[in-house]
Amino acid sequence: MAVTEAYQIAMDAEVTFSDGTDRRLSDLWEKCPLLLVFLRHFG
Amino acid sequence: MQLHHSKAQFEDMGFQVVLVGLGSPDRAEAFKKQFSLSFPIICDPEKKLYRIYGLGRSSFSRMVSPAVLLKGLKALSRGHTPSVPQGDVMQLPGVFLIDTAGKIRYAHYSKDPSDNPTIETLLALKDIVRKKKYGH
């Protein structure tokens with residue numbers, strides 16, 4: 001199912017990057033649009 | 001990974017691309033190296049983000065559907081050799097575009113593992129953000 005122009009408020013959360021740093025997800029969209037790509041798995 | 005080949009175009013659009021995966025940081029770093037990826041990767045082994053963004057799991061019948069098998073064969077033909085996956089192979093992927101106001105402007109919930117938006121679709125998202133910016 002593809003939904004365009006959903007206009008829902010994105011949920012925020014504390015996230016951990018592969019380099020070990022922790023950030024709020026909202027920090028990532030603060031300055032520029034964020035394309036968040038969820039993978040099935042690594043490999 | 002097709003996304004990687006379009007990195008410069010996403011940068012030109014002013015988008016930040018961030019991947020989310022189920023594995024550990026070590027596995028994510030190995031994955032980045034394997035595919036020469038430069039996108040940041042969020043590690044979500046407990047599926048916290050997957051849950052709050054509403055991404056579900058596939059069924060066995062959808063995992064072995066002709067479309068999924070065909071996609072696997074195409075990947076093999078392109079030289080992608082599968083490794084042992086870490087995480088949940090039944091987990092469904094998805095893509096979200098979040099604007100600077102924190103609103104989801106595009107959402108794609110994959111209905112099976114072969115159901116991914118094309119690069120052309122993702123590159124066209126610049127028009128969605130531009131419409132909002134200039135009020136068209």
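Quick caveat, the model's predicted, so the values are computed rather than measured.

## A look at the overall build of chain B
Stage number 1. Of regular secondary structure, chain B possesses eight helices and five strands.
Stage number 2. Mapped from its N terminus to its C terminus, chain B presents α and β elements in the order α-α-β-α-β-α-α-α-β-β-β-α-α.
Stage number 3. Residue burial in chain B is summarised as follows: out of 136 residues, 44% are buried.
Stage number 4. Here the analysis covers contacts within chain B between residues at least 6 apart in sequence; of these, 55% occur between residues at least 24 apart.
Stage number 5. As displayed, chain B has an accessible area near 7200 Å², and 57% of this comes from carbon and sulfur atoms.

## Focus on the interface of chain B and chain A
Stage number 1. In this assembly, 63 residues from chain B lie in contact with 36 residues from chain A.
Stage number 2. Buried area between chain B and chain A, summed over both chains or domains, comes out near 4500 Å², and the portion from carbon and sulfur atoms is 64%.
Stage number 3. Run the count over chain B and chain A and you get zero salt bridges.
Stage number 4. Connecting chain B to chain A are 17 residue pairs in polar contact (both at pLDDT 80 or more).
Stage number 5. Counting only elements with at least two residues in the side of chain B that touches chain A, the list comes to β1 (16–21), α3 (25–34), β2 (41–43), α4 (48–52), β4 (94–98), β5 (103–109) and α8 (125–134) of chain B.
Stage number 6. Among the elements that make up the side of chain B that touches chain A, the one with the highest residue count is β5 of chain B (seven residues).

## Here's the deal with the side chain of S18 of chain A
Stage number 1. On the secondary structure map, S18 of chain A appears in the loop between β2 (14–17) and β3 (22–24).
Stage number 2. Exposure remark for S18 of chain A: the relative accessible area of 8% places this residue in the buried category.
Stage number 3. Among the polar contacts made by the side chain of S18 of chain A, one reaches the side chain of E29 of chain B at a distance of 2.5 Å.
Stage number 4. Discounting chain neighbours no more than four positions away, the residues touching S18 of chain A are P25, A28, E29, K32, I41 and C43 of chain B.

## Section: unusual backbone geometry
All names here are of chain B.
Stage number 1. A positive phi angle is found at S36, which is not glycine, with a value near 50°.
Stage number 2. Tracing the backbone shows S36 in the loop between α3 and β2.
Stage number 3. Judged by its relative accessible area of 51%, S36 is exposed.
Stage number 4. Even without a glycine there, the phi angle at K47 is positive, about 60°.
Stage number 5. Positionally, K47 belongs in the loop between β2 and α4.
Stage number 6. Judged by relative accessible area, which is 18%, K47 ranks as buried.

## A few points about the environment of D12 of chain A
Stage number 1. Mapped onto the elements, D12 of chain A comes out in the loop between β1 (2–9) and β2.
Stage number 2. Placed twelve residues apart in sequence, D12 of chain A and R24 of chain A show a C-alpha to C-alpha distance of 6.9 Å.
Stage number 3. D12 of chain A has contacts with R24, L25, S26 and W29 of chain A together with I52 of chain B, leaving out every residue within four places of it along the chain.
Stage number 4. Engagement of the side chain of D12 of chain A in a polar contact is seen with the backbone nitrogen of L25 of chain A, the distance being 3.3 Å.
Stage number 5. Among the polar contacts listed, one links the side chain of D12 of chain A to the side chain of S26 of chain A, at a separation of 2.7 Å.

Conventions and cut-offs
- Residues numbered from 1 in each chain as written.
- Chains lettered and ligands numbered in written order.
- Predicted model: local features only at pLDDT ≥ 70, side-chain atom pairs only at ≥ 80, totals over all residues.
- Heavy atoms only, no water.
- Helix = DSSP H or I, 4+ residues; strand = E, 2+ residues; numbered from the N terminus.
- Buried < 20%, exposed > 50% of the residue type's maximum accessible area, 1.4 Å probe, protein only.
- Contact = heavy atoms within 4.5 Å.
- Areas by Shrake-Rupley, 256 points an atom, 1.4 Å probe, with all protein chains shown as cover.
- Buried area = accessible area lost by both parts, 1.4 Å probe.
- Salt bridge = Lys/Arg side-chain N within 4 Å of Asp/Glu carboxyl O.
- Polar contact = N/O pair within 3.5 Å; in protein donor to acceptor, adjacent residues only side chain to side chain.

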